[in-house]
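Listed below are the residues making up each chain.
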Amino acid sequence: MTSNFSIGRFRPSGTKKAELTIGTRLYLSVLSLFVVFAVAFIVFQQNREKQFKVETLNTRLQDFNTTINETVFYNGDGFSEQALSRFIARHHERGLRVTIIRSDGTIAFDNIRKDYVHMGNHRTRPEVVEALRTGTGSAVDRNSTTLRQAYFYSATYFPKEKIIIRSALPYNVNLAKSLRADQHYIWFAIAVMIILTIVLYRFTHRLGRNITKLNAFATRVEHTASVPSASDVDMGTAVSELGGFSDDELGDTAERIVKLYIKLQRTQKEQDILKRQLTQNVAHELKTPVASIQGYLETILSHPDMAAATRDQFLDRCYSQSKRLASLLGDMSTLNRMDDGADMMVFEDVDVAEVIRTVEKESQFALEEKNMTMECHIPDTMVIHGNRGLIYSIFRNLTDNAIAYAGTGVKITVDGSLRRVVMGDAAGRKGKTHKADVSQIPHGEGLMEASFIFSDNGIGVADEHLPRLFERFYRVDKGRSRKMGGTGLGLAIVKNAVRVHGGAISVRNNPGGGLRFEFTLR
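Keep in mind it's a predicted model, so treat the numbers as computed, not measured.

Draft legend 1. Quick peek at the packing of aromatic side chains. Evaluated as defined, the whole model comprises six aromatic pairs. An aromatic cluster of at least three residues, connected via ring pairs, comprises F395, F452 and F519. Positioned over the ring face of Y151 is R97, at 5.8 Å from the centre of the ring.

Draft legend 2. Spatial organisation of helix α9 (residues 352-362). Of the positions making up α9, those classed as buried are V352, A353, V355, I356 and V359. Down the axis of α9, the smallest arc covering the buried residues is 160°, so these residues share one side. With a side-chain oxygen positioned 3.2 Å from the backbone nitrogen of A353, the residue opening α9 is D351.

Draft legend 3. Just the packing of helix α11 (residues 388-405) against helix α13 (residues 490-500), in detail. As a packed pair, α11 and α13 sit with axes 9 Å apart at the nearest point and diverge in direction by 145°. Here α11 runs over α13; the crossing is left-handed. Listed contacts from α13 to L390, S393, I394, N397, L398 and N401 of α11 are G490, L491, I493, V494, A497, V498 and V500. Classifying every residue of the contact of α11 with α13 gives nine nonpolar, four polar and no charged.

Draft legend 4. Geometry of the pattern of salt bridges. Here the structure, examined in full by the defined rule, presents 12 salt bridges. Note that E127 is salt-bridged to R166, the shortest N-O span being 2.8 Å. Of this pair, E127 sits in helix α3 (residues 126-134) while R166 sits in strand β5 (residues 163-170), and the two are 39 residues apart along the sequence. Taking the shortest distance from any N to any O, the salt bridge between D400 and R396 comes out at 3.2 Å. Linking D400 with R396, this pair stays in helix α11, spanning four residues, or about one helical turn. Taking relative accessible area as the criterion, D400 reaches 32% and is therefore assigned partly exposed. Each member of the salt-bridge network shares a partner with another, and the members are E362, R396 and D400.

Draft legend 5. Up close: the environment of L367. As for its position among the elements, L367 is in helix α10 (residues 364-369). By relative accessible area, which is 1% here, L367 ends up buried. Sequence-wise, L367 and D400 are 33 residues apart; in three dimensions their C-alpha atoms are separated by 9.4 Å. Here L367 is in contact with M372, M374, I403 and I412, once residues within four sequence places are set aside.

Rules used throughout
Residues numbered from 1 in each chain as written. Predicted model: local features only at pLDDT ≥ 70, side-chain atom pairs only at ≥ 80, totals over all residues. Heavy atoms only, no water. Phe/Tyr/Trp six-rings, centres within 6.5 Å; stacked < 30°, edge-to-face > 60°. Lys NZ or Arg CZ within 6 Å of the ring centre and 35° of its normal. Buried < 20%, exposed > 50% of the residue type's maximum accessible area, 1.4 Å probe, protein only. Helix = DSSP H or I, 4+ residues; strand = E, 2+ residues; numbered from the N terminus. Arc of directions from axis to C-beta. Polar contact = N/O pair within 3.5 Å; in protein donor to acceptor, adjacent residues only side chain to side chain. Axes fitted to C-alpha atoms, helices over the stretch in contact; angles between N-to-C directions. Left-handed = near helix turned anticlockwise from the far one by under 90°. Contact = heavy atoms within 4.5 Å. Nonpolar A, V, L, I, M, F, W, Y, C, P; charged D, E, K, R; others polar. Salt bridge = Lys/Arg side-chain N within 4 Å of Asp/Glu carboxyl O.

Following this line, the structure appears as C-alpha coordinates:
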(Lines give C-alpha, C1' and ligand atoms only; values in the text may rest on other atoms or scores of the structure.)
Protein backbone atom coordinates (compact mmCIF):
# COMPACT_ATOMS: atom_id res chain seq x y z
CA MET A 1 0.00 0.00 0.00
CA THR A 2 1.44 3.36 -0.98
CA SER A 3 0.51 6.86 0.03
CA ASN A 4 -0.12 9.95 -2.08
CA PHE A 5 0.96 12.30 0.67
CA SER A 6 3.04 15.25 -0.52
CA ILE A 7 3.96 18.22 1.61
CA GLY A 8 4.57 20.42 -1.37
CA ARG A 9 1.07 19.87 -2.73
CA PHE A 10 -0.83 20.12 0.54
CA ARG A 11 -2.44 23.34 1.67
CA PRO A 12 -5.41 23.32 4.05
CA SER A 13 -8.56 24.87 2.69
CA GLY A 14 -9.25 28.38 3.86
CA THR A 15 -5.60 29.13 4.54
CA LYS A 16 -3.85 32.03 2.91
CA LYS A 17 -0.51 31.59 1.22
CA ALA A 18 2.19 33.31 3.22
CA GLU A 19 3.96 36.10 1.41
CA LEU A 20 7.35 35.24 2.88
CA THR A 21 8.54 31.94 4.28
CA ILE A 22 10.39 31.80 7.57
CA GLY A 23 13.59 31.03 5.67
CA THR A 24 13.18 34.16 3.53
CA ARG A 25 12.39 36.30 6.57
CA LEU A 26 15.41 34.95 8.39
CA TYR A 27 17.58 35.54 5.32
CA LEU A 28 16.41 39.14 4.89
CA SER A 29 16.79 39.88 8.61
CA VAL A 30 20.32 38.53 8.83
CA LEU A 31 21.25 40.08 5.49
CA SER A 32 20.00 43.50 6.65
CA LEU A 33 22.09 43.32 9.81
CA PHE A 34 25.08 42.16 7.81
CA VAL A 35 24.74 44.97 5.23
CA VAL A 36 24.43 47.58 7.99
CA PHE A 37 27.53 46.20 9.66
CA ALA A 38 29.43 46.06 6.36
CA VAL A 39 28.52 49.66 5.43
CA ALA A 40 29.45 50.90 8.90
CA PHE A 41 32.76 49.07 8.68
CA ILE A 42 33.54 50.47 5.23
CA VAL A 43 32.73 54.04 6.31
CA PHE A 44 34.76 53.66 9.49
CA GLN A 45 37.71 52.15 7.65
CA GLN A 46 37.61 54.81 4.94
CA ASN A 47 37.60 57.65 7.47
CA ARG A 48 40.32 55.94 9.47
CA GLU A 49 42.54 55.51 6.43
CA LYS A 50 41.98 59.12 5.34
CA GLN A 51 42.81 60.34 8.84
CA PHE A 52 45.97 58.26 8.78
CA LYS A 53 47.07 59.85 5.51
CA VAL A 54 46.29 63.34 6.82
CA GLU A 55 48.34 62.66 9.95
CA THR A 56 51.18 61.29 7.82
CA LEU A 57 51.25 64.41 5.63
CA ASN A 58 50.99 66.65 8.69
CA THR A 59 53.93 64.83 10.32
CA ARG A 60 56.01 65.29 7.17
CA LEU A 61 55.29 69.04 7.09
CA GLN A 62 55.95 69.31 10.83
CA ASP A 63 59.35 67.71 10.27
CA PHE A 64 59.96 70.18 7.45
CA ASN A 65 59.11 73.06 9.79
CA THR A 66 61.55 71.75 12.39
CA THR A 67 64.25 71.37 9.72
CA ILE A 68 63.75 75.01 8.63
CA ASN A 69 64.12 76.19 12.21
CA GLU A 70 67.24 74.15 12.86
CA THR A 71 68.90 74.94 9.54
CA VAL A 72 68.08 78.59 9.04
CA PHE A 73 68.29 79.83 12.63
CA TYR A 74 71.22 77.76 13.87
CA ASN A 75 73.64 77.54 10.94
CA GLY A 76 75.17 80.95 11.53
CA ASP A 77 73.40 82.70 8.68
CA GLY A 78 70.75 84.20 10.96
CA PHE A 79 67.26 84.90 9.90
CA SER A 80 67.08 86.32 6.41
CA GLU A 81 64.76 86.00 3.46
CA GLN A 82 67.69 85.01 1.27
CA ALA A 83 68.61 82.10 3.57
CA LEU A 84 65.02 80.93 3.70
CA SER A 85 64.57 81.26 -0.03
CA ARG A 86 67.75 79.27 -0.71
CA PHE A 87 66.63 76.54 1.72
CA ILE A 88 63.15 76.32 0.18
CA ALA A 89 64.68 76.25 -3.29
CA ARG A 90 66.91 73.33 -2.28
CA HIS A 91 63.96 71.46 -0.77
CA HIS A 92 61.46 72.47 -3.39
CA GLU A 93 58.03 70.87 -3.49
CA ARG A 94 55.60 72.09 -6.08
CA GLY A 95 53.25 74.74 -4.73
CA LEU A 96 54.86 74.68 -1.28
CA ARG A 97 54.15 77.80 0.74
CA VAL A 98 56.20 78.64 3.83
CA THR A 99 55.18 81.39 6.22
CA ILE A 100 56.96 82.57 9.38
CA ILE A 101 54.62 84.24 11.83
CA ARG A 102 55.64 86.08 14.95
CA SER A 103 53.91 85.24 18.23
CA ASP A 104 51.87 88.44 17.94
CA GLY A 105 50.45 87.26 14.58
CA THR A 106 52.43 89.51 12.25
CA ILE A 107 54.17 88.06 9.21
CA ALA A 108 57.96 87.80 9.23
CA PHE A 109 58.30 85.83 5.99
CA ASP A 110 56.26 84.34 3.18
CA ASN A 111 57.79 82.80 0.07
CA ILE A 112 54.73 83.49 -2.10
CA ARG A 113 53.61 86.99 -1.16
CA LYS A 114 56.00 89.75 -0.06
CA ASP A 115 53.72 92.63 0.99
CA TYR A 116 53.68 91.53 4.60
CA VAL A 117 52.03 94.70 5.87
CA HIS A 118 48.88 94.09 3.85
CA MET A 119 48.63 90.37 4.65
CA GLY A 120 46.81 90.98 7.90
CA ASN A 121 47.32 89.49 11.35
CA HIS A 122 47.46 85.67 11.34
CA ARG A 123 47.05 85.10 15.06
CA THR A 124 43.41 84.03 14.59
CA ARG A 125 44.12 81.44 11.92
CA PRO A 126 42.92 78.00 13.17
CA GLU A 127 46.26 76.26 12.71
CA VAL A 128 48.10 79.19 14.40
CA VAL A 129 45.71 79.20 17.37
CA GLU A 130 46.18 75.46 17.80
CA ALA A 131 49.97 75.72 17.46
CA LEU A 132 50.18 78.46 20.12
CA ARG A 133 48.05 76.30 22.44
CA THR A 134 49.56 72.84 21.87
CA GLY A 135 52.78 73.41 19.95
CA THR A 136 51.49 72.12 16.61
CA GLY A 137 48.41 72.77 14.54
CA SER A 138 46.91 71.86 11.19
CA ALA A 139 43.98 72.64 8.93
CA VAL A 140 42.74 70.56 6.02
CA ASP A 141 41.22 72.25 2.99
CA ARG A 142 41.11 75.75 4.51
CA ASN A 143 40.72 78.59 2.05
CA SER A 144 43.54 81.15 2.31
CA THR A 145 42.22 84.64 3.05
CA THR A 146 45.38 86.13 1.56
CA LEU A 147 45.74 84.09 -1.65
CA ARG A 148 42.10 83.07 -2.12
CA GLN A 149 43.11 79.44 -2.53
CA ALA A 150 42.55 76.29 -0.48
CA TYR A 151 45.59 74.90 1.33
CA PHE A 152 46.57 72.10 3.68
CA TYR A 153 48.25 73.92 6.59
CA SER A 154 50.71 72.56 9.16
CA ALA A 155 52.08 74.99 11.77
CA THR A 156 54.77 74.50 14.45
CA TYR A 157 55.40 76.89 17.34
CA PHE A 158 58.98 77.45 18.55
CA PRO A 159 58.79 79.21 21.96
CA LYS A 160 62.48 80.06 22.15
CA GLU A 161 62.41 82.04 18.90
CA LYS A 162 58.77 83.11 19.54
CA ILE A 163 57.88 82.31 15.97
CA ILE A 164 55.47 79.97 14.19
CA ILE A 165 56.68 78.26 11.04
CA ARG A 166 53.80 77.26 8.85
CA SER A 167 54.06 75.04 5.77
CA ALA A 168 51.21 74.69 3.33
CA LEU A 169 50.42 72.70 0.20
CA PRO A 170 47.71 73.66 -2.29
CA TYR A 171 44.65 71.53 -1.71
CA ASN A 172 44.21 70.66 -5.37
CA VAL A 173 43.10 67.52 -7.19
CA ASN A 174 46.44 65.78 -6.75
CA LEU A 175 46.58 66.38 -2.99
CA ALA A 176 42.94 65.40 -2.52
CA LYS A 177 43.60 62.20 -4.48
CA SER A 178 46.64 61.37 -2.36
CA LEU A 179 44.61 61.84 0.82
CA ARG A 180 41.70 59.76 -0.47
CA ALA A 181 41.26 56.32 1.08
CA ASP A 182 42.35 53.31 -0.94
CA GLN A 183 39.32 51.83 -2.73
CA HIS A 184 40.71 48.31 -3.15
CA TYR A 185 39.63 47.18 0.28
CA ILE A 186 36.10 48.39 -0.50
CA TRP A 187 35.90 46.11 -3.51
CA PHE A 188 37.38 43.31 -1.43
CA ALA A 189 34.75 43.89 1.27
CA ILE A 190 31.99 43.90 -1.35
CA ALA A 191 33.28 40.62 -2.82
CA VAL A 192 33.39 39.02 0.64
CA MET A 193 29.89 40.31 1.35
CA ILE A 194 28.56 38.78 -1.88
CA ILE A 195 30.15 35.41 -1.07
CA LEU A 196 28.78 35.43 2.48
CA THR A 197 25.39 36.47 1.16
CA ILE A 198 25.32 33.43 -1.11
CA VAL A 199 26.38 31.14 1.72
CA LEU A 200 23.77 32.71 4.00
CA TYR A 201 21.09 32.26 1.38
CA ARG A 202 21.92 28.57 0.90
CA PHE A 203 21.82 27.97 4.64
CA THR A 204 18.59 29.87 5.30
CA HIS A 205 17.00 28.35 2.20
CA ARG A 206 17.66 24.82 3.48
CA LEU A 207 16.51 25.80 6.96
CA GLY A 208 13.37 27.42 5.63
CA ARG A 209 12.60 24.48 3.37
CA ASN A 210 12.90 22.00 6.26
CA ILE A 211 10.78 24.17 8.56
CA THR A 212 8.18 24.67 5.82
CA LYS A 213 7.91 20.92 5.26
CA LEU A 214 7.66 20.25 8.98
CA ASN A 215 5.00 22.94 9.28
CA ALA A 216 3.03 21.40 6.42
CA PHE A 217 3.41 17.98 8.03
CA ALA A 218 2.18 19.33 11.39
CA THR A 219 -0.71 21.14 9.67
CA ARG A 220 -1.79 17.97 7.92
CA VAL A 221 -1.65 16.03 11.17
CA GLU A 222 -3.60 18.80 12.92
CA HIS A 223 -6.32 18.57 10.29
CA THR A 224 -6.45 14.77 10.83
CA ALA A 225 -5.42 14.06 7.27
CA SER A 226 -3.79 10.73 6.52
CA VAL A 227 -0.01 10.48 6.49
CA PRO A 228 2.21 7.64 5.35
CA SER A 229 2.16 5.00 8.04
CA ALA A 230 5.15 2.85 8.83
CA SER A 231 2.73 -0.07 8.87
CA ASP A 232 1.98 0.51 5.18
CA VAL A 233 5.47 1.25 3.88
CA ASP A 234 8.98 1.17 5.29
CA MET A 235 10.23 4.21 7.18
CA GLY A 236 12.59 5.43 4.43
CA THR A 237 9.87 5.29 1.78
CA ALA A 238 7.45 7.12 4.08
CA VAL A 239 9.92 9.97 4.64
CA SER A 240 10.73 10.23 0.92
CA GLU A 241 7.02 10.54 0.17
CA LEU A 242 6.95 13.51 2.54
CA GLY A 243 9.12 15.41 0.04
CA GLY A 244 12.59 14.65 1.44
CA PHE A 245 14.77 16.89 3.56
CA SER A 246 18.17 18.49 2.94
CA ASP A 247 21.24 16.33 3.44
CA ASP A 248 22.61 18.07 6.54
CA GLU A 249 22.10 18.20 10.30
CA LEU A 250 18.93 20.28 9.96
CA GLY A 251 17.50 17.84 7.46
CA ASP A 252 18.48 14.88 9.63
CA THR A 253 16.79 16.45 12.64
CA ALA A 254 13.61 17.16 10.69
CA GLU A 255 13.63 13.64 9.26
CA ARG A 256 14.03 12.13 12.72
CA ILE A 257 11.05 14.16 13.96
CA VAL A 258 8.89 12.82 11.13
CA LYS A 259 10.14 9.27 11.67
CA LEU A 260 9.45 9.56 15.38
CA TYR A 261 5.88 10.67 14.69
CA ILE A 262 5.33 7.83 12.20
CA LYS A 263 6.78 5.36 14.70
CA LEU A 264 4.54 6.70 17.46
CA GLN A 265 1.59 6.51 15.11
CA ARG A 266 2.37 2.91 14.29
CA THR A 267 2.88 2.08 17.98
CA GLN A 268 -0.43 3.73 18.82
CA LYS A 269 -2.16 1.73 16.11
CA GLU A 270 -0.62 -1.50 17.38
CA GLN A 271 -1.63 -0.63 20.94
CA ASP A 272 -5.18 0.04 19.81
CA ILE A 273 -5.28 -3.36 18.11
CA LEU A 274 -3.85 -5.06 21.20
CA LYS A 275 -6.33 -3.25 23.43
CA ARG A 276 -9.24 -4.38 21.25
CA GLN A 277 -7.95 -7.94 21.25
CA LEU A 278 -7.39 -7.82 25.00
CA THR A 279 -10.86 -6.42 25.59
CA GLN A 280 -12.37 -9.15 23.43
CA ASN A 281 -10.34 -11.83 25.20
CA VAL A 282 -11.22 -10.49 28.66
CA ALA A 283 -14.90 -10.33 27.75
CA HIS A 284 -14.75 -13.88 26.40
CA GLU A 285 -12.92 -15.22 29.45
CA LEU A 286 -15.28 -13.49 31.87
CA LYS A 287 -18.34 -14.57 29.94
CA THR A 288 -17.81 -18.30 30.57
CA PRO A 289 -17.67 -18.34 34.41
CA VAL A 290 -20.30 -15.60 34.74
CA ALA A 291 -22.69 -17.47 32.41
CA SER A 292 -22.08 -20.71 34.32
CA ILE A 293 -22.74 -19.07 37.68
CA GLN A 294 -25.84 -17.35 36.32
CA GLY A 295 -27.15 -20.58 34.80
CA TYR A 296 -26.69 -22.62 37.96
CA LEU A 297 -28.28 -19.93 40.14
CA GLU A 298 -31.26 -19.52 37.78
CA THR A 299 -31.80 -23.26 37.87
CA ILE A 300 -31.73 -23.31 41.66
CA LEU A 301 -34.11 -20.33 41.90
CA SER A 302 -36.56 -21.75 39.37
CA HIS A 303 -36.68 -25.12 41.15
CA PRO A 304 -37.24 -24.45 44.82
CA ASP A 305 -38.11 -28.13 45.42
CA MET A 306 -34.79 -29.31 43.95
CA ALA A 307 -33.14 -32.14 45.78
CA ALA A 308 -30.60 -31.02 48.33
CA ALA A 309 -27.82 -33.10 46.78
CA THR A 310 -28.42 -31.57 43.35
CA ARG A 311 -28.58 -28.07 44.81
CA ASP A 312 -25.31 -28.60 46.67
CA GLN A 313 -23.72 -29.87 43.47
CA PHE A 314 -24.83 -26.74 41.59
CA LEU A 315 -23.62 -24.48 44.39
CA ASP A 316 -20.27 -26.27 44.38
CA ARG A 317 -19.96 -25.64 40.66
CA CYS A 318 -20.88 -21.98 41.21
CA TYR A 319 -18.14 -21.79 43.82
CA SER A 320 -15.62 -23.36 41.43
CA GLN A 321 -16.52 -20.86 38.70
CA SER A 322 -16.30 -17.96 41.17
CA LYS A 323 -12.82 -19.17 42.17
CA ARG A 324 -11.85 -19.24 38.50
CA LEU A 325 -13.29 -15.74 38.08
CA ALA A 326 -11.38 -14.50 41.12
CA SER A 327 -8.20 -16.11 39.80
CA LEU A 328 -8.70 -14.44 36.42
CA LEU A 329 -9.26 -11.03 37.98
CA GLY A 330 -6.25 -11.51 40.22
CA ASP A 331 -4.00 -12.41 37.28
CA MET A 332 -5.26 -9.41 35.31
CA SER A 333 -4.60 -7.15 38.30
CA THR A 334 -1.05 -8.51 38.58
CA LEU A 335 -0.39 -7.83 34.88
CA ASN A 336 -1.79 -4.31 35.16
CA ARG A 337 0.44 -3.55 38.14
CA MET A 338 3.50 -4.69 36.19
CA ASP A 339 2.45 -2.74 33.09
CA ASP A 340 1.54 0.54 34.78
CA GLY A 341 3.22 0.58 38.18
CA ALA A 342 6.43 -1.42 38.01
CA ASP A 343 8.40 1.55 39.35
CA MET A 344 6.15 1.71 42.42
CA MET A 345 6.69 -1.90 43.45
CA VAL A 346 8.68 -2.61 46.60
CA PHE A 347 12.07 -4.20 45.94
CA GLU A 348 14.08 -5.84 48.69
CA ASP A 349 16.63 -8.58 49.21
CA VAL A 350 14.85 -11.85 48.40
CA ASP A 351 16.17 -15.38 48.93
CA VAL A 352 14.99 -17.04 45.71
CA ALA A 353 16.00 -20.49 47.04
CA GLU A 354 13.59 -20.07 49.93
CA VAL A 355 10.81 -18.97 47.54
CA ILE A 356 11.35 -22.08 45.37
CA ARG A 357 11.24 -24.37 48.40
CA THR A 358 7.98 -22.67 49.49
CA VAL A 359 6.40 -23.28 46.06
CA GLU A 360 7.58 -26.91 46.11
CA LYS A 361 6.06 -27.44 49.55
CA GLU A 362 2.73 -25.82 48.61
CA SER A 363 2.51 -27.86 45.39
CA GLN A 364 3.38 -31.17 47.01
CA PHE A 365 -0.22 -32.42 47.20
CA ALA A 366 -0.97 -31.57 43.53
CA LEU A 367 2.31 -33.26 42.50
CA GLU A 368 1.43 -36.43 44.37
CA GLU A 369 -2.04 -36.53 42.81
CA LYS A 370 -0.45 -36.76 39.33
CA ASN A 371 2.44 -38.94 40.44
CA MET A 372 4.92 -36.16 39.67
CA THR A 373 8.21 -35.29 41.34
CA MET A 374 10.11 -32.04 41.63
CA GLU A 375 13.88 -31.84 41.97
CA CYS A 376 15.69 -28.60 42.79
CA HIS A 377 19.41 -28.17 42.14
CA ILE A 378 20.01 -24.76 43.64
CA PRO A 379 22.35 -23.24 46.25
CA ASP A 380 21.17 -23.05 49.83
CA THR A 381 20.75 -19.28 49.48
CA MET A 382 20.25 -17.17 46.35
CA VAL A 383 19.73 -13.56 47.43
CA ILE A 384 18.87 -10.97 44.78
CA HIS A 385 17.21 -7.55 44.93
CA GLY A 386 13.63 -7.99 43.74
CA ASN A 387 9.93 -8.16 44.53
CA ARG A 388 9.06 -11.23 46.58
CA GLY A 389 5.48 -11.50 45.29
CA LEU A 390 6.50 -11.41 41.62
CA ILE A 391 9.33 -13.91 42.13
CA TYR A 392 6.86 -16.22 43.85
CA SER A 393 4.39 -15.86 40.96
CA ILE A 394 7.11 -16.85 38.46
CA PHE A 395 7.86 -20.20 40.03
CA ARG A 396 4.27 -20.85 41.10
CA ASN A 397 2.88 -20.29 37.60
CA LEU A 398 5.61 -22.41 35.98
CA THR A 399 4.96 -25.19 38.48
CA ASP A 400 1.15 -25.01 38.06
CA ASN A 401 1.58 -25.00 34.27
CA ALA A 402 3.71 -28.15 34.40
CA ILE A 403 1.31 -29.90 36.79
CA ALA A 404 -1.68 -29.02 34.60
CA TYR A 405 -0.33 -29.82 31.13
CA ALA A 406 2.89 -31.88 31.31
CA GLY A 407 1.08 -35.16 32.02
CA THR A 408 1.32 -37.79 34.76
CA GLY A 409 4.47 -39.39 36.10
CA VAL A 410 6.52 -36.39 35.04
CA LYS A 411 9.65 -35.07 36.74
CA ILE A 412 10.11 -31.33 37.13
CA THR A 413 13.69 -30.10 37.44
CA VAL A 414 14.77 -26.66 38.65
CA ASP A 415 18.44 -25.69 38.19
CA GLY A 416 19.73 -22.39 39.50
CA SER A 417 23.02 -20.55 39.85
CA LEU A 418 24.06 -17.16 41.18
CA ARG A 419 26.75 -14.93 39.73
CA ARG A 420 27.86 -11.32 39.96
CA VAL A 421 27.98 -9.26 36.76
CA VAL A 422 29.79 -5.96 36.20
CA MET A 423 27.80 -3.33 34.30
CA GLY A 424 29.83 -1.90 31.45
CA ASP A 425 33.49 -0.92 31.78
CA ALA A 426 35.63 2.21 31.72
CA ALA A 427 35.00 2.58 28.00
CA GLY A 428 31.31 3.00 28.67
CA ARG A 429 29.80 -0.10 27.04
CA LYS A 430 26.33 0.74 28.23
CA GLY A 431 24.03 -2.20 28.74
CA LYS A 432 26.82 -4.78 28.36
CA THR A 433 27.53 -7.32 31.09
CA HIS A 434 30.18 -9.97 31.51
CA LYS A 435 30.60 -12.79 33.95
CA ALA A 436 33.06 -12.19 36.74
CA ASP A 437 34.59 -14.17 39.55
CA VAL A 438 32.57 -13.13 42.59
CA SER A 439 35.59 -13.51 44.86
CA GLN A 440 37.57 -10.97 42.81
CA ILE A 441 34.90 -8.25 42.88
CA PRO A 442 34.91 -5.91 45.91
CA HIS A 443 31.87 -6.28 48.14
CA GLY A 444 28.94 -4.16 46.99
CA GLU A 445 30.21 -3.71 43.41
CA GLY A 446 28.48 -5.23 40.40
CA LEU A 447 25.04 -6.80 40.28
CA MET A 448 23.84 -10.23 41.43
CA GLU A 449 22.19 -12.25 38.68
CA ALA A 450 20.34 -15.54 39.19
CA SER A 451 20.04 -17.92 36.24
CA PHE A 452 17.41 -20.67 36.16
CA ILE A 453 16.40 -23.61 34.02
CA PHE A 454 12.87 -24.89 34.71
CA SER A 455 12.19 -28.04 32.72
CA ASP A 456 10.06 -31.17 32.68
CA ASN A 457 10.08 -34.42 30.73
CA GLY A 458 6.40 -34.32 29.88
CA ILE A 459 4.56 -34.18 26.57
CA GLY A 460 5.72 -30.66 25.58
CA VAL A 461 3.93 -28.65 22.89
CA ALA A 462 4.13 -28.43 19.11
CA ASP A 463 6.90 -26.14 17.88
CA GLU A 464 4.46 -23.79 16.13
CA HIS A 465 2.93 -22.89 19.51
CA LEU A 466 6.23 -21.96 21.21
CA PRO A 467 6.48 -18.33 19.94
CA ARG A 468 3.02 -17.56 21.33
CA LEU A 469 3.15 -19.32 24.69
CA PHE A 470 3.72 -16.03 26.56
CA GLU A 471 0.81 -14.20 24.91
CA ARG A 472 -2.12 -13.29 27.10
CA PHE A 473 -5.06 -15.71 26.91
CA TYR A 474 -3.22 -17.93 24.43
CA ARG A 475 -4.01 -21.63 24.89
CA VAL A 476 -2.62 -24.61 23.04
CA ASP A 477 -5.77 -26.62 23.84
CA LYS A 478 -8.50 -24.15 24.75
CA GLY A 479 -11.06 -26.66 25.90
CA ARG A 480 -8.61 -28.62 28.03
CA SER A 481 -7.15 -25.42 29.50
CA ARG A 482 -10.52 -24.14 30.68
CA LYS A 483 -11.40 -27.56 32.04
CA MET A 484 -8.22 -27.48 34.10
CA GLY A 485 -9.21 -24.07 35.47
CA GLY A 486 -6.46 -22.09 33.80
CA THR A 487 -6.86 -18.37 33.10
CA GLY A 488 -4.54 -18.20 30.09
CA LEU A 489 -2.45 -15.52 31.85
CA GLY A 490 0.04 -17.58 33.84
CA LEU A 491 2.95 -17.55 31.38
CA ALA A 492 2.24 -13.91 30.48
CA ILE A 493 2.69 -13.08 34.17
CA VAL A 494 5.94 -15.08 34.20
CA LYS A 495 7.36 -13.19 31.22
CA ASN A 496 6.41 -9.74 32.56
CA ALA A 497 7.71 -10.52 36.06
CA VAL A 498 11.05 -11.63 34.60
CA ARG A 499 11.27 -8.38 32.59
CA VAL A 500 10.47 -6.30 35.68
CA HIS A 501 13.54 -7.89 37.26
CA GLY A 502 15.75 -6.95 34.31
CA GLY A 503 15.93 -10.47 32.93
CA ALA A 504 14.86 -12.39 29.83
CA ILE A 505 13.07 -15.69 29.33
CA SER A 506 12.94 -18.22 26.51
CA VAL A 507 11.21 -21.57 25.98
CA ARG A 508 11.92 -24.62 23.84
CA ASN A 509 11.17 -28.31 23.75
CA ASN A 510 13.60 -30.70 25.40
CA PRO A 511 15.11 -33.24 22.99
CA GLY A 512 13.69 -36.04 25.12
CA GLY A 513 10.28 -34.41 25.58
CA GLY A 514 8.83 -31.70 27.77
CA LEU A 515 9.34 -27.95 27.99
CA ARG A 516 12.50 -26.09 29.00
CA PHE A 517 12.25 -22.52 30.30
CA GLU A 518 15.50 -20.57 30.68
CA PHE A 519 15.48 -17.17 32.39
CA THR A 520 17.49 -14.76 34.52
CA LEU A 521 16.62 -12.47 37.41
CA ARG A 522 18.64 -9.46 38.62
